[in-house]
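Next come the chains, spelled out residue by residue.
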Amino acid sequence: MTLTIADLARALDARLWGDGNMIVNGAAEAGQAREGQIALATSPAYAEKLAPGGMAVLAEGMDPETLGLRAAVVVARPRLAMAALTRAFDPGPGIAPGIHPSGVIDPTADLPPDAAIGPFVVIGARVRIGAGARIASHVSIGADSVIGCDVLIHPGVRIAHGVTLGDRVILNPGVSLGADGFSFVTPEKSGVEEIRESLGERHEIRQQHWTRIHSLGGVEIGDDVEIGANSTVDRGTIRATRIGRGTKIDNLVQVGHNCIVGEDCLLCGLVGIAGSARIGNRVVLGGQVGVSDNIFVGDDVIAGGATKIFTNAPAGRVLLGSPAVKMETHVEAQKNIRRLPRLYAQVAELRETVKKLLDKGDAQ
């Protein structure tokens, strides 16, 4: 895409400074911009790297004239401007319109006239795909699944049978939706059941053999959800596993069977949510957060990286640590842990002083 910097300022709803006729055909980090590229320099540290005579995106309060620029777009909220700027210059995956001849499409599948379906795609019986869908190479979609409008499915995605995707969903490479849940049972009470009841005490250790509980539910993904590379959402046992509208899921995230994830959540890399957990709306789980099965995490909870949530979390709570506690409690505990060596030395010194006093008293 090629546009003028004045066009770009209007698209970003931002203030233009300088020569609005400069042509912009891409973006780059400050100090790396070539001819036609606009530099991103929304903090003083980046502004120091700008070349004189160029063009840049700046934050309000920065002076483009002092920086020697020829033109600038001045934005109030730089990170939000980044979203619009990168969208303007993103060429997308380049999936050709139409159905590639190598695709295997069941005759009962319902495809829109404007579908773009890449090489080696397999689409099963009675699948319905909405208008504007783009499906890249080596994707498989199981029978009776429903794919919404304007969906983008990247290479190598696996969608099992009975999965529903809303509109404008983005699935990154390697996503797996609708695999069987990890659900097994033993004929007699298992060791896991026993220690749940006894909190660790084992009365008898014996052989046990696992029997599969089949997964009859599906997966339901709401509108405007994005799921990162190699993340997985397992199908429900009886009812569907659900991901709410607007939720964004990072790479390598596992959502177990029967889980319900609310709207506008952020699940960062390596998050694991065990089966039948319920996650409220606008919840943020940092990288490597773990959520135990059958618990509830309330609306607007924020859990820092590597937090392990073993019990219900009230709405609005900020959590950190393993086990999860209020962030301020965790920070204070860590401070106290760092003080332990000094405290130990003080106690040892006190003991030595007391011992000397006792020895002196005995001697008298």
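Because the structure is a prediction, the values reported are computed rather than measured. (Residues numbered from 1 in each chain as written. Predicted model: local features only at pLDDT ≥ 70, side-chain atom pairs only at ≥ 80, totals over all residues. Heavy atoms only, no water.)

### Side note on the pattern of salt bridges
Worth spelling out the cut-off: Salt bridges are defined by distance alone: a side-chain nitrogen of Lys or Arg within 4 Å of a carboxyl oxygen of Asp or Glu. Segments assigned H or I by DSSP are reported as helices when at least four residues long, segments assigned E as strands when at least two residues long, and all are numbered from the N terminus. The rule is simple: take the accessible area with a 1.4 Å probe, protein chains only, and divide by the maximum for that residue type; under 20% is buried, over 50% is exposed, in between is partly exposed.
Using the criterion set out here, one finds 14 salt bridges in the structure. Note that R245 and D264 form a salt bridge whose closest N and O atoms lie 2.9 Å from each other. In this pair, R245 sits in the loop between β26 (241–243) and β27 (248–249) while D264 sits in the loop between β29 (260–261) and β30 (266–267), placing the two residues 19 residues apart along the sequence. Among the salt bridges present, the one from K355 reaches D359, with a minimum N-O distance of 3.1 Å. Of this pair, K355 and D359 both sit in helix α5 (residues 327–363), four residues apart, roughly one helical turn. With relative accessibility at 40%, the residue D359 sits in the partly exposed group.

### Description of the pairing of strand β5 (residues 37–40)
What counts here: Here, any two strands with at least 2 DSSP bridges between them count as paired.
Across four bridges, the pairing between strand β4 (residues 26–29) and β5 is parallel. Along β5, the bridge assignment pairs A27 with I38. Here β5 runs beside strand β6 (residues 55–59); their pairing, made up of two bridges, is parallel. Residue L40 lies in a different strand from β6, and its bridge partner there is V57.

### Observations concerning the sheet that holds β4
Through backbone hydrogen bonds, the strands of a sheet pair up, either in parallel or in antiparallel fashion. To keep things clear, this is the line we draw: Fitting a line to C-alpha atoms yields each axis, with helices limited to the stretch in contact; the angle taken between N-to-C directions then spans 0 to 180 degrees.
Spatially, β2-β7-β6-β5-β4 is the arrangement adopted by the five strands of the open sheet, whose pairing is mixed. The sheet terminates laterally at β2 (15–18) and β4, the two strands that pair on one side only. This sheet shows a mean twist of 30° between the axes of neighbouring strands, independent of strand direction.

### Regarding unusual backbone geometry
Note that the residue after S322, namely P323, is joined by a cis bond; omega there is 0°. Relative to the elements of secondary structure, P323 occurs in the loop between β38 (318–320) and β39 (325–326). Phi is positive for R126, close to 60°, though the residue is something other than glycine. Here R126 shows up in the loop between β11 (122–123) and β12 (128–129). Unusually for a residue other than glycine, R282 sits at a positive phi of about 60°.

### Thoughts on helix α3 (residues 78–89)
Note the following rule: One less than the residue count of a helix, multiplied by 1.5 Å, gives the span that helix is expected to have. An arc is given here, and it is the one of the directions from the helix axis to the C-beta atoms.
Between its first and last C-alpha atoms α3 spans 16 Å; for 12 residues at 1.5 Å apiece the expected length is 16 Å, and the two agree. Turning to α3, its buried residues number three or more, namely A81, A84, L85 and F89. Buried residues in α3, looked at end-on, bunch into an arc of 125°, giving them a common side. In this structure, α3 carries R79, L80 and R87 as exposed residues pointing more than 90 degrees from its buried face.

### Points about the environment of H257
Where we set the bar: Residue contacts are defined here by distance: any two heavy atoms, one from each residue, within 4.5 Å place the two residues in contact.
Inspection of the secondary structure assignment puts H257 in the loop between β28 (254–255) and β29. When the C-alpha atoms of H257 and R242 are compared, they prove to be 9.3 Å apart, with 15 residues separating the residues in sequence. If we skip the residues at most four places from it in the chain, H257 touches G181, F182, S183, D234, R235, G236, T237, T241, G275 and S276.

### Focus: α5
Our working rule: Across the chain, bend at a residue is computed as the angle between axes fitted to the seven residues ending at that point and the seven starting from it.
For α5, which comprises 37 residues, the first-to-last C-alpha distance of 53 Å matches the rise-based estimate of 54 Å (1.5 Å per residue) to within 8%. Maximum bend of α5: about 40°, positioned at L340, with proline P341 one to four residues after it.

### Section: the sheet that holds strand β10 (residues 116–117)
Taken together, the 12 strands give an open sheet; going across it, the order is β8-β10-β13-β16-β19-β24-β27-β30-β33-β36-β38-β39, and neighbouring strands pair in mixed fashion. Two strands lie at the open edges of the sheet, namely β8 (98–99) and β39, each paired on one side alone. Note that β30 and strand β33 (residues 284–285) share two bridges and pair parallel. Bridging from a neighbouring strand, L266 pairs with V284 of β33.

### Points about the UniProt feature "active site" (unreviewed entry) in the protein chain
Note the cut-off: UniProt positions are given in the numbering used here, feature names are shortened, and annotations may be inferred rather than shown by experiment.
UniProt annotation of "active site" (unreviewed entry) refers to H257 when read in the numbering used here. Relative accessible area serves as the criterion here: at 13%, H257 is assigned to the buried category.

### Thoughts on the side chain of S215
Counted only if it meets this: Two N or O atoms count as a polar contact when they lie within 3.5 Å, although within protein this holds only if one can serve as hydrogen donor and the other as acceptor, and sequence-adjacent residues are included solely when both atoms are side-chain atoms.
With respect to the secondary-structure elements, S215 resides in the loop between β22 (211–212) and β23 (219–221). The class for S215 is buried, based on a relative accessible area of 9%. In this structure the side chain of S215 is engaged in a polar contact, spanning 2.9 Å, whose partner is the backbone nitrogen of G181. Those residues in contact with S215 that sit more than four places away from it in its chain are D180, G181, R235, G236 and T237.

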